[in-house]
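One-letter residues, chain by chain:
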Amino acid sequence: MGLNTSADTPLPVGEVSRLIGGWIDRLGAVWVEGQITQLSRRPGAGVVFMTLRDPSHDISVSVTCYRQVFDAVADVVSEGARVVVHAKPEWYAPRGQLSLRAAEIRPVGVGELLARLEQLKKTLAGEGLFAADRKRPLPFLPQLIGLVCGRASAAERDVLENARHRWPAVRFEVRNVPVQGVHAVPQVVQAVKELDELAEVDVIIVARGGGSVEDLLPFSDEQLVRTVAACRTPVVSAIGHEPDNPLLDHVADLRASTPTDAAKKVVPDVGEELERIAFLRERARRGVTALLEREERGLAHALARPCMEQPHRMVEEREEQITAYADRARRTLGHLLDRAESELAHTHARVVALSPKATLQRGYAVLQKEDGAVVRAADEVTGGEALRARVAEGEFPVRVDI
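Residues numbered from 1 in each chain as written. Predicted model: local features only at pLDDT ≥ 70, side-chain atom pairs only at ≥ 80, totals over all residues. Heavy atoms only, no water.

Draft legend 1. Quick look at the sheet that holds strand E12 (residues 386-391). One open sheet accounts for three strands, arranged E11-E12-E13; its pairing is antiparallel. Only two strands of the sheet have a single partner each, and these edge strands are strand E11 (366-368) and strand E13 (394-399). Averaged over neighbouring strand pairs, the angle between their axes works out to 30° when direction is ignored. As paired strands, E11 and E12 are joined by three bridges and run antiparallel to one another. Residue pairing across strands places Val366 opposite Arg390, the latter belonging to E12. (Pairing = 2+ DSSP bridges. Helix = DSSP H or I, 4+ residues; strand = E, 2+ residues; numbered from the N terminus. Axes fitted to C-alpha atoms, helices over the stretch in contact; angles between N-to-C directions.)

And the structure:
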C-alpha cells in the first residue's frame with residue numbers, strides 16, 4: 001500500500017524503517033542458493049555471521065545463524081562453498097540493514113552441481129548457442145591477442161612464452177582477473193566485453209590452469225556463456241582440464257586442452273612457416289623450370305619442322321599450285337569463250353537467214369498502207385489507193401491500178 005507523503009508532511013526515518021521492517025516481517029521463509037564469503041565464527045559467540053553472494057552477479061546479502069545450525073555443516077562448508085540456505089528475511093531497523101536468519105544450511109554437492117550444469121547445457125544447446133555453424137574461424141596471424149587469465153598465473157606464462165616463442169612479433173592485451181571464487185564470473189565477463197570492444201583485438205583467449213570441478217564452475221556460468229556467444233571477436237577456451245568440460249568449451253569458437261595448446265593453435269610457428277615458404281618456393285621453382293623445359297622442347301620440335309627450316313619452300317609450293325590453277329582457269333575460260341563464240345556465230349547466221357531484210361535483198365518488196373499496215377492479200381486494197389513499197393535499199397510510193 002502506498003503512503004501519502006509530501007514535502008510538507010514527510011515521514012521520519014524511524015517510521016520508514018519501521019514500515020519496511022513490517023513489510024519484511026510478513027515475508028515467509030525462503031530457500032536461497034549462493035556462495036559463502038566472509039565467514040565469521042568468533043570463539044565463544046553463539047551466532048555465526050557470513051555473506052551469501054550470487055556467483056553470477058555482484059549481489060550479496062548478510063546471513064546470520066546460531067552456532068548449532070552452522071556446526072551441523074561446519075566440516076563440509078567453508079568460504080567459497082556453494083550452499084542452499086533456508087532462512088527468513090529480517091530487517092534491522094536501527095541501521096536499516098536487511099539480513100537473512102538461517103534455520104538450515106545444506107551444502108550443494110558436486111553431483112547436484114553437475115546435474116544443474118547438464119540441465120543448463122541442454123537449455124543453452126536448445127537455443128543454438130553451441131551450434132557448429134556459429135563457430136568463427138581464427139585469423140591466420142592475429143596482430144593483437146586478448147588474454148583473460150589470473151594474475152601472475154602459470155596459464156598466463158604458458159600462453160605468453162609459447163606464443164612469443166612461436167612468433168616473436170605477436171602482441172597481447174592482457175586482462176588479469178580472478179579465475180575462481182565469488183568475484184570470478186563478473187570480472188571475467190567484464191574483461192571479455194572490454195576486449196571484444198577493442199577493434200584491434202583479433203582473437204580472445206580465456207585461460208586457466210585447470211582445477212577441481214568447484215574451481216571451474218565460473219567457466220560454466222550462464223552469464224559468461226551468453227557473453228561469449230554475443231562476442232564479435234573469435235574466442236578460444238583454454239581451461240587446463242581433461243575429465244570435465246565447462247560450458248565455455250562448447251560456446252567458444254575453438255577449444256584448447258591447455259593454455260599452451262591455445263598458444264599453438266592461435267599463433268603460427270615462424271620456423272614452420274619459413275619452412276613452408278621455402279618448400280613452396282622450391283615447388284614453384286620446379287614447376288616453372290619444368291614449364292620452361294617443356295616449352296623449350298616444343299619450340300625445338302617446331303623449329304625442326306621443314307616449314308620452319310625452309311619457310312620459303314611452303315610459299316614456293318603454293319606459288320606452283322596457284323600458277324597451275326591460274327593456267328587451268330585460263331584454259332577453261334578460253335574453251336568456254338570459244339564455244340560461246342561458235343554458238344553465237346551459228347545463231348547469228350540463222351537470224352540473218354530468217355531476217356525480212358534478207359528476203360527483201362532477194363528482190364521482194366513489202367507493201368504498206370498509209371497507216372503502216374502490211375498488205376497480205378489483193379482484196380485488202382482498192383483501185384487508186386496509194387501504197388508504199390519497201391525494198392532492200394529504201395522505199396517508194398505506188399498506186400493501185402485495177
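Draft legend 2. Representation of the nonpolar core within the structure. Core analysis: the largest hydrophobic core is formed by 29 residues, its most contacted members being Val148 and Val206. Elements with a contribution of two residues or more to this core: helix H3 (110-126), strand E6 (144-149), helix H5 (184-197), strand E8 (203-208), helix H6 (222-229), strand E9 (235-239) and helix H7 (247-251). Top contributing element to this core by residue count: H5, with six residues. Setting aside anything within four residues of it in sequence, one finds Val206 in contact with Val148, Val188, Val192, Phe219, Val235, Val236, Ser237, Ala238, Ile239 and Leu248. Listed in part, the 19 residues of the second largest apolar core include Ala163, Ile205, Ala207 and Ala238. (Core = buried A, V, L, I, M, F, W, Y, C linked by side-chain atoms within 4.5 Å. Buried < 20%, exposed > 50% of the residue type's maximum accessible area, 1.4 Å probe, protein only. Contact = heavy atoms within 4.5 Å.)

Draft legend 3. Representation of the pairing of E6 within the structure. Judged by how many residues are buried, E6 sits mostly within the fold: six of six residues are covered. Of the two faces of E6, the one carrying Leu144, Gly146 and Val148 and the one carrying Ile145, Leu147 and Cys149 are both buried. Relative to strand E7 (residues 171-176), E6 is paired through six bridges, and the arrangement is parallel. The residue of E7 that forms the bridge with Ile145 is Phe172. Handedness of the crossover joining E6 and E7 through helix H4 (residues 154-166): right-handed. As paired strands, E6 and E8 are joined by four bridges and run parallel to one another. Paired with Ile145 across the strands is Val203, a residue of E8. (Right-handed = clockwise from strand over helix to strand, strands pointing away.)

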